[in-house]
Each structure stands twice: as C-alpha cells, then as structure tokens.
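Geometric and topological summary
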Amino acid sequence: MAQHKQAGRGTQTGRLSRLGEVTGGLLSRAVHGMASREGLILLVFIAVALVVMVRLLLLTVVDADALAADGKEKRVQEYSLTARRGTIFDRKGNILATSVEATTVYANPSEITEPAKTAAILAGVLGGDAQKYLAAISADPAATFVYIAQKADKDTAQKLVDLAQEYRAEAADVIRARGDDVPAELETPLSGIYYLPDTKREYPYGQIGAQIIGSLETRLLDENGREISPEADVANKRESFFGASGLEQTYDSILRGVDGKMVVQRGAATSPGEEALPLIGGVEELIPATDGQDIIVTLDIELQQYLEYNLEAQAAQRNCDNAHSLLLDGATGEILAGASIPLYTRDNLSAEAVANGATNLKALTLPYEPGSTFKACIAAVALERGVMQAEDRLFCPAELKIYDRTIKDVNARPDVEYTLREIIALSSNVGAALMADRVGKNLFGDYLQRFGFGQYSHVDYPGETQGNVAEAEQWNPVQAANIAFGQGLEVSSLQMASLYGAIANDGLLIQPHFLLARPQFDVELRYESKQVLEPATARKLEELLRAVVTEGTGKAADISGLDVVGKTGTAEKAAKGDSELNYLKDEFITSFVGYIDNSNSKLVFISSFDNPTNYVNAPSTAFFANIMSFVANRYMIVPEEEPDPKLLLVEPSAVESGEGVPSEATADGSALDMGEQTDEQNAASVDPGASFVLEATGREVWILDTSG
C-alpha cells in the first residue's frame, strides 16, 4: 500500500514537470515573436490554455480525494441497526418490560422545499412543538440526514406515510389536469421525510413495579457507538437507550445487546414520503445487530400490585411522610415484592418526585434506625452463646442510668424482673441494654457483622445502602446499650428482612436477589449462603418472637389459623446534620418484620411507616396481617402437620453428648451413639424397660414417649 501511494505521488510530480516543460516552450516561442501580431495572439492562447490545464490538474490530482469523498457522501447513507432489547419476565411468566416494533422518522433537509409547512404537519401527526421540528430541518440546508422522531409509535408513523401518499396523489392530479406527464419525483410538503424500522420499550403493567423494574434514558452516540454530548459536532450522531434505574440499569449490558450498522449506496425514492431504496448490490458494509437477552426475575407482579395499592392507601390514611415495604423468601433470598412512597409513573416523573426518592426502592437504598425490631439481634447472641435462656430472669429497673443518659421503656413501669421471653415480648429497652452488657460489645459487634449489618448484601439493584454501624471497639457503654434496642446505628429494611429470613431458615442466610434465570444462558444461578446462627438458636428465637404476637406488642399482626412470629419497632427519628446524635421530638418510624412459623413458607415481610399519625397504634402490625393474609392465600401457605405430642425433639449433638436426653432413654443414663445403626438397631439398643425410644428423622432425632 505504501509503495502504491509513493508511485502515485511520483506520477503527480511527473505531470507537473511535463506541464512546466510544455508551458516553458510555448512562452519562449511567444517571447521571440512578441513583436508580431501573431505572437500576441499566441500569448493569449497560452494564458487561457495554462488556466485550463492548471484547473484540470487540480481536479484530477490535488482535489481528487476530496471530490471522491464528497461524491460518496451524496450517494452513501449509513444506518444504525437497533438491537432488540431483551424482555423482562416475572416469576410467573408475565411480561414486565418488552421491546415492540416502532418507526424512526428522519429527514433529508436538502429535499424539503417548504420547511415551515413540513414542520407544522410533523407536529400535527407526531405531536410536539412545530418550531423544534423547523429548527431541526432548517439548521443545515445541505444536510442529508436529521432525526425527526426516534422509536415513534408504528401506527402514528404510518399516518405520516399515508398523508404523504395523499399529498402525492393531489399533486399528480393537478399535473394531469394540465395535460402534463407525472414525473417520478414530486415535490410535496412531506418530501424529504423517510422512515426506518425500529423498536421501543413498553411496560405492560404501567407504573406497577416501576421502582424495581426501572426505566430507560436517552444518550447520544457517535457512529462508532461512543457516548457524546449534545453539543458535539459529529456527523451521524444518533440516540440510543440505556438502563437508567432499577433492574433495567443493573442488567443493562445483558438486556441492551449491541447495535449494528449498514452502509448502503442509495438511489432515488420511488415517491415522496417513501424511503429511498438501496441500489442492487449497493450494501457496502453490514454489521448485524446482536439482540439483547431475556431475564426472569423474582418479582410477582400481581402481588406487587396489591402491595403498592395498599401501601399507598395506608400511608395516605395515616398521613405518613414516607413508607416502604419488602417481601423476601428467607429460604432462597428471592425478593417477591417491594414498594416505596412516593410511587411514580415513568411518563410523568417530576423533579420533586425524583428528589423524594420515587425512583428508588427505599427498603434497599434508605438507611434508618430500626428501633426494637433490632432486639432480635441481642436476643440471638444471648441464646447462641448461652448468656441467657428464654426463662432466665433479669432485674430491670424502671430507669437505667449510664453516665449522663437515662434509658427507660416506652411505657412507664416500676422496677421488675423480666425473663428473656418477656424482654422481647414486651419490648423492654432496659432489658435489651442489660443483655448487651452481659454479652459484651466485642461479641455483639462480631455477630452484627456476621448478620450483615454495616455491609453491602450485593443485591442486584443500584444504590443499595450498607447502613452505618460503628466498629464495636469504638462503642462506649451508652452506644452499646442503645444499639441493643436499635438506636445509634443505621440499617436497611433489606438487612432486617434478611436476618429474619435466616431465623426462619434455621440460621442460614441467603444472599438476597432479583435475578431468577437467564433463559438464553444455560447456566444455573447460584447465590452465596452463610450459617449465621445454629438451627437450635433459630428455633428458640422463634419462640420468643411468637410471644411478641400472642402476648406482647405485636398482637395486631396475628393471622387466624397461622402462627405469626415477628417484632415491632418504634424508633425515634434522628435529626440530620447535627454534630451530636439528637432526636426529633414526637417523630417516629414504626415498623414490623415477621413471617409465618410452622408452615410451608419462609416468606418474610417488613414494612416501615415514617411519622404516622397516632404512632402508638402503629399501622405496621395490621399492615403485616393484611399483606401476609393475601400472600397466604396466593401461595397456599398452610400450617405444617403438628408432630405427635409424644415425640420430643432432641438435637443430634445432644444425643451424642447425652445432654438433653431423658435418663429413662437408657438403662444406665449413658450417652447414646447413633453411629451407622438403623432405627431398629437404635431402638433395640435401649433398655426394654425404658419409657423412651429413639427415632431418627433426617438431621433430627426424636424421642418417643412410650409411657402411655
């Protein structure tokens, strides 16, 4: 290639040299004959010939590349081939977001003869401001390509096509009436308007689930697909759509695909209003678009609709500043529904709504002080490490003074002794603070890290908060006491729901997520899990949380026929911007988190209401009963069959050590070795006179009371 270019430059130099020789000889001859009339004529002829030859040389040598490029620009058109964005399905196969056929309308301004009239027609059919259309098609009269409307509704664009044909028919009738032949090209008000097939995004359920599903935004790209600013002076710039929020943003690289490109040589349009056809064999370059992939997410859109409607109604009824909720499956980490107030619609999103977090799922993005729902944490550590058992008693004064701070319960009471069960059921701040003192701040802090507080869960949603939990080494006694009952730290509702999900799941915490499957990607998705509590601890904790609903502060959350476990919370609102931690007077966030125990479900529901009227009668407990009753019907949640009352549950570890096994189970009270024996062998190994017989059922061991 380099040699070819060098030879070309040599050829041009040779031409210029020969031209100099010719003109030099002619001039010499003219000078010698200058005195004669013939010499003067010859001189004029030489001058004219020289001008022509120089111009010819410039056209064929110097300007050849520029002229070729200009000719190519006039006969070549580049198109972007839009990739079809992948579809988002909910867990039941309902389409949440999909790409449908659309039409991109563009103009060739050099063919438009009546810009003002054309702009008015475009505005009348496509909508929008006629002046904006006029500015677009008048900015550069020499331009051959300007976007008029990208991803326009296909039927709307067809109206323009039909109107163009009507204008053409009218113009043809006028010409025929004059007796003239109708030319192939007619000038009409829609001359120079063309169309390209395209796709656009649609959300069949409208605003339902918009905070989770997300939305798209427009960005300008150059011809190589690089993002540019609107002011950039770049030819062939085009609009493209990218995920702006929610799952559309998280999985944008999967859903979007890759746009293609087609460069064609074009002939004339067969009629105004129709796209000029490529010449036969005129495709110079073709890069096919690669369509985006589909995804299936954990959302249940019909449940989501029920949740949004009721959350908005409850928040309005109680005049809440804010409210949010989340439904999580503790057994899988799947998020089935979630919503925040204010809700929003994609086509009518005000700046105020954005400022108030309308595009965010606040259960994941908003840090807040959890209040008494956090007491499950200190109770879990106390049970796990044997610091206290459910019926152990603890002296709880009416007021607990630590340095210059006084801690007391919400409802005034005298000095009392509470069991651990009562501390949780009655939500005693003093009792939680005293438990924290027994546990110790370092051990408590270690468990908070294990539970995931102060850390990202890495849920597949943009903007997740990690909360704010200080290092335990930095806690003073006041901070340690406050954290035990949910003050002086910030968490997310997702973190709280995940902890309760782990309690429901025998202490196993599963990474929360929305992505359920990628149908075109044949790989099983796996999510991390972590054993944060022993199964025995989780079951003991469930008993305490059940007491909250049956005899404590959460009675309104109970559901007839089902065993609800959970915890209420009423947290003071921290004043933002203060150098020291202070709280607003008479402003609270009320919440409830729980699930249905002893059932075929481990679905956890949490809701928080910011500053509701009459916070003493908190809306969160009754709201739990409302939503979870709907969930129970939808997912056919039923109680598990109760075990035979003669079967007593004993941990396998207790059997191995002999602890917790009734002495009657063996003749001498020694530990029983389950080993590799069969149930029959185990039963046979027990003294025939004993009143208990061992039965192995998976990972659990039951002792059957045979005494009658």
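Here's a quick rundown of the structure. (Residues numbered from 1 in each chain as written. Predicted model: local features only at pLDDT ≥ 70, side-chain atom pairs only at ≥ 80, totals over all residues. Heavy atoms only, no water.)

1. A few points about the overall build of the protein
- Looking only at helices and strands, the protein has 22 helices and 26 strands in total.
- Nonlocal contacts in the protein, meaning residues at least 24 apart in sequence, comprise 70% of its contacts between residues at least 6 apart.
- Total accessible area computed for the protein in this model is approximately 35100 Å², and 51% of it derives from carbon and sulfur atoms. (Helix = DSSP H or I, 4+ residues; strand = E, 2+ residues; numbered from the N terminus. Contact = heavy atoms within 4.5 Å. Areas by Shrake-Rupley, 256 points an atom, 1.4 Å probe, with all protein chains shown as cover.)

2. What to know about helix α15 (residues 429–439)
- A large share of α15 lies buried, amounting to nine of its eleven residues.
- Within α15 the residues assigned to the buried category are Asn429, Val430, Gly431, Ala432, Ala433, Leu434, Met435, Ala436 and Val439.
- Its side-chain oxygen at 3.0 Å from the backbone nitrogen of glycine 431, serine 428 defines the N-terminal cap of α15.
- Directly after α15, the chain includes glycine 440, whose backbone phi takes a positive value near 95°. (Buried < 20%, exposed > 50% of the residue type's maximum accessible area, 1.4 Å probe, protein only. Polar contact = N/O pair within 3.5 Å; in protein donor to acceptor, adjacent residues only side chain to side chain.)

3. Some remarks on the pairing of strand β12 (residues 322–329)
- Burial of β12 is extensive: eight of the eight residues sit out of reach of the surface.
- Every second residue of β12 is oriented toward a common face, with Asn322, His324, Leu326 and Leu328 on one face and Ala323, Ser325, Leu327 and Asp329 on the other, all of them buried.
- Where β12 meets strand β23 (residues 603–610), eight bridges bridge the pair, whose relative direction is antiparallel. Among the inter-strand pairings, aspartate 329 is bridged to a residue of β23, identified as leucine 603.
- Between the end of β12 and the start of strand β13 (residues 335–341), which pair antiparallel, lie five residues, with glycine 333 showing a positive phi angle near 80°. (Pairing = 2+ DSSP bridges.)

4. Section: the pairing of strand β15 (residues 399–402)
- On β15, burial follows the alternation: Leu400 and Ile402 on one face are buried, whereas Glu399 and Lys401 on the facing-out side are not.
- Note: β15 against strand β16 (residues 405–408), four bridges, orientation antiparallel. Of the residues in β16, the one forming a bridge with isoleucine 402 is arginine 405.
- Hairpin connection, β15 to β16: the antiparallel pair is bridged by two residues, and tyrosine 403 has positive phi, about 55°.

5. Thoughts on the pattern of salt bridges
- In this structure the tally under the stated criterion is 23 salt bridges.
- The closest approach of N and O atoms between aspartate 558 and arginine 546, which form a salt bridge, is 3.2 Å. Taken together, the residues span a long stretch of sequence, with aspartate 558 in the loop between α19 (535–551) and β21 (563–574) and arginine 546 in helix α19 at a distance of twelve residues.
- A network of salt bridges, in which partner residues are shared, links Arg85, Arg201, Glu248, Asp252 and Arg256. (Salt bridge = Lys/Arg side-chain N within 4 Å of Asp/Glu carboxyl O.)

6. Looking at the packing of α15 against helix α17 (residues 477–484)
- Interaxial distance between α15 and α17 falls to 8 Å at its minimum, and their mutual angle equals 120°. On the basis of the axis angle, α15 is oblique to α17. Judged by the sense of rotation from one axis to the other, the crossing of α15 with α17 is right-handed. Contacts between α15 and α17 pair Ala432, Ala433 and Ala436 from the former with Ala480, Ala481 and Ala484 from the latter.
- Of the residues assigned to the contact of α15 with α17, the class counts are six nonpolar, no polar and no charged. (Axes fitted to C-alpha atoms, helices over the stretch in contact; angles between N-to-C directions. Parallel < 35°, antiparallel > 145°, perpendicular 65-115°, else oblique. Left-handed = near helix turned anticlockwise from the far one by under 90°. Nonpolar A, V, L, I, M, F, W, Y, C, P; charged D, E, K, R; others polar.)

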